[in-house]
Amino acid sequence: MKYAANKASDVQIAYIGGGSRGWAWTFMTDLALEPSMSGTIRLYDIDEGAAKANEVIGNRVSAREEAVGKWEYKTYKTIEEALTGADFVVISILPGTFDEMAVDVHMPERLGIWQSVGDTAGPGGIIRALRTIPMFVEIAEAIKKYSPNAWVINYTNPMTLCVKTLYHVFPEIKAFGCCHEVFGTQKVLKGIAEETFGLKDIPRQDIHVNVLGINHFTWFDYASYKGIDLFPVYRDYIDKHFEEGFHERDGNWLNASFACKHRVKFDLFRRYGLIAAAGDRHLAEFMPGDEYLKDPATVESWDFGLTTVEWRKQDLKNRLEKSHRLLEGKEEVELKPTGEEGILLIKALCGLDRMVSNVNIPNTNCQIPNLPKDAVVETNAVFERDAIRPVIAGNLPENVRSLIMPHIENHAYTLEAALTCNEELVVKAFLNDPNVIGQKCSQEDVRRLVHDMIQGTIKYLPDGWKK
């Protein structure tokens, strides 16, 4: 990496999962729109053909006149080649296929266990983690060997366990997890403030919040805009609009298929006094299964949806078709800001800026003092030249801490289960999960479900599971 006139050139970014048909294009867009950095994106993927397609697409984006950030995209055949000499490592992979995810999400339905996402908490998140953790063990070992001083940015779910695995294997790693769910709740607060005060176009970043919790189950105990305490504003809005919820002016900020009316957030605020800061689909999965996810009718009554794997398969088909069009030059990547902050964080770590953003890292500095120090938590942190300085978020109220602790316990059970191929620990995690507990399943039924779900994903698990 080289510096001149407040610019960083020859920045080397290794992208593990560089054949992505979706998030990679977001990454390309933000890189192209940032004028202060340039360098090489080292694409590595077990599907080399997919990485080569993104090499063509990325170089075509970089060559456009309106692309002020100039990057060379190159495919690497081995992870060693991609990592050696890298300044940054980005990890965004799909562990397994959607066939395995169908097991994660839908097999528990035979016991009346419904999941709206199935990639973080609950049976689906636990089983997904069993096949993800071994992959992250290999990635962490490779980073330790070939690029130990690189900053490592993870986007893969289950976020918390991915980051926890990286630090378990390589304690000195400089890794953190990025998630945009907090941004969505900032946008809800922005919209409510605009509606309440007759304002327009408040920048999301001007909604200042204190973030505390774990990924996809984050909370705000502070929110303000230009000196205005937004908690009373939020409370008043909920009192007036609880039944109809909140409708964002520009549609759902991420994807229409994930749309909700934020009524789960509203209900959690009334019950616990903090602003829940993730999409309703994620929040519901951390709560007891007899509440928001009791059955599909209950889900519908709360105005969010169950994201089926059939929908995901159709979405992948659409993205593959888009990839072909981009590769053939029949369509261009749209160059407009995506709302993601990954590139801005890289810019700050290069020393070109200083910023505050939410981040997933171990609780080593007691960012949340009443959670375990070995937990991976989500709080704000200051990003600056070659440093991340976590913000002390403070204690969680006991009523919210009690909701989070079973999931932190399950992170420990699941990591050990994945590393030792221990089915009994998976059973223990299932029986400790609020979604499973809420559906009042028998231990025998849960044990059988665990076994069948493991068998449903066995080809992506280490040999120790096959004995």
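Residues numbered from 1 in each chain as written. Predicted model: local features only at pLDDT ≥ 70, side-chain atom pairs only at ≥ 80, totals over all residues. Heavy atoms only, no water.

As recorded by an unreviewed UniProt entry, the protein chain carries the name Alpha-glucosidase/alpha-galactosidase and is attributed to Candidatus Limivivens intestinipullorum. What the UniProt record of the protein chain gives under Sequence similarities (unreviewed entry) is the line "Belongs to the glycosyl hydrolase 4 family." Word for word, the UniProt comment on the protein chain under Subunit (unreviewed entry) is "Homotetramer." (UniProt positions renumbered as here; feature names shortened; annotations may be inferred.)

Q: What is the right way to read the overall build of the protein chain from this model?
A: The number of helices and strands found in the protein chain is 17 helices and 14 strands. What you see for the protein chain is a C-alpha radius of gyration of 22 Å, in line with the 23 Å of a compact globule of 467 residues. Structurally, the protein chain occupies a C-alpha span of about 65 × 60 × 45 Å along its principal axes. The buried share among the 467 residues of the protein chain stands at 60%. Partitioning the intrachain contacts of the protein chain with sequence separation of at least 6 by distance along the chain shows that 72% fall at a separation of at least 24. In the structure as shown, the protein chain presents an accessible area of about 18,900 Å², 50% of it carried by carbon and sulfur atoms. Of the side chains in the protein chain, 53 bear a positive and 66 a negative charge, and the two mean positions are spaced by 3 Å. (Helix = DSSP H or I, 4+ residues; strand = E, 2+ residues; numbered from the N terminus. Rg over C-alpha atoms; globule rule 2.2 N^0.38 Å. Buried < 20%, exposed > 50% of the residue type's maximum accessible area, 1.4 Å probe, protein only. Contact = heavy atoms within 4.5 Å. Areas by Shrake-Rupley, 256 points an atom, 1.4 Å probe, with all protein chains shown as cover. Lys, Arg positive; Asp, Glu negative; His and termini not counted. Charge placed at Lys NZ, Arg CZ, Asp CG, Glu CD.)

Q: Any chance you could explain helix α14 (residues 398-420) here in plain terms?
A: Each α-helix turn comprises 3.6 residues. Residues three or four places apart therefore point the same way. Here α14 contains 23 residues, and its C-alpha end-to-end distance of 33 Å stays within 8% of the 33 Å for a straight helix at 1.5 Å per residue. Along α14, the sharpest change in direction is near 30° and occurs at Ile404; proline Pro406 comes one to four residues later. (Expected span 1.5 Å × (residues − 1). Bend = angle between axes of the 7 residues up to and from the residue.)

Q: What is the right way to look at the packing of aromatic side chains in this model?
A: For any pair of aromatic rings, the description rests on two quantities: the centre-to-centre distance and the angle between the ring planes. In this structure the tally under the stated criterion is 16 aromatic pairs. Plain terms: the ring middles of Tyr292 and Trp302 are 5.1 Å apart, the flat faces sit at 85° to each other, and that makes the pair edge-to-face. With a gap of ten residues between them, Tyr292 in the loop between α10 (280-286) and α11 (296-301) and Trp302 in the loop between α11 and α12 (309-328) connect regions that are remote in the sequence. On the accessibility criterion, Tyr292 (1% relative accessible area) is buried. Trp302 sits in the buried class, given a relative accessible area of 16%. Taken together, the aromatic side chains of Phe231, Tyr234, Tyr237, Phe246, Phe266 and Phe269 make up a single cluster linked through ring pairs. Taking the ring centre of Phe242 as reference, the NZ or CZ of Arg263 above it sits at 5.2 Å. For Arg270, the ring lying beneath its charged end belongs to Phe242, and the centroid distance is 4.2 Å. (Phe/Tyr/Trp six-rings, centres within 6.5 Å; stacked < 30°, edge-to-face > 60°. Lys NZ or Arg CZ within 6 Å of the ring centre and 35° of its normal.)

Q: Would you explain the nonpolar core in this entry?
A: In globular proteins that are soluble, nonpolar side chains generally tend to be buried together. Ile16, Val89, Ile91, Leu130, Val426, Phe430 and Ile454 are the most contacted members of the largest nonpolar core, which has 57 residues in total. Secondary structure elements with two or more residues in this core: β2 (7-16), α3 (79-83), β5 (88-91), α5 (122-146), α6 (159-169), α14, α15 (423-432) and α17 (443-456). Among the elements that make up this core, the one with the highest residue count is α5 (eleven residues). Once you skip the residues sitting within four places of it in the chain, Phe430 turns out to touch Pro123, Ile126, Ile127, Val436, Val446, Leu449, Val450 and Met453. (Core = buried A, V, L, I, M, F, W, Y, C linked by side-chain atoms within 4.5 Å.)

Q: I tried to follow the UniProt feature "binding site: substrate" (unreviewed entry) in the protein chain on my own but got confused; where do I start?
A: Here the UniProt feature "binding site: substrate" (unreviewed entry) sits at Asn157. Mapped onto the secondary structure, Asn157 falls in the loop between β6 (151-154) and α6. Using a relative accessible area of 16% as the deciding quantity, one classes Asn157 as buried. Discounting chain neighbours no more than four positions away, the residues touching Asn157 are Pro95, Asp119, Thr120, Arg128, Thr132, Cys162, Asn215 and His216.

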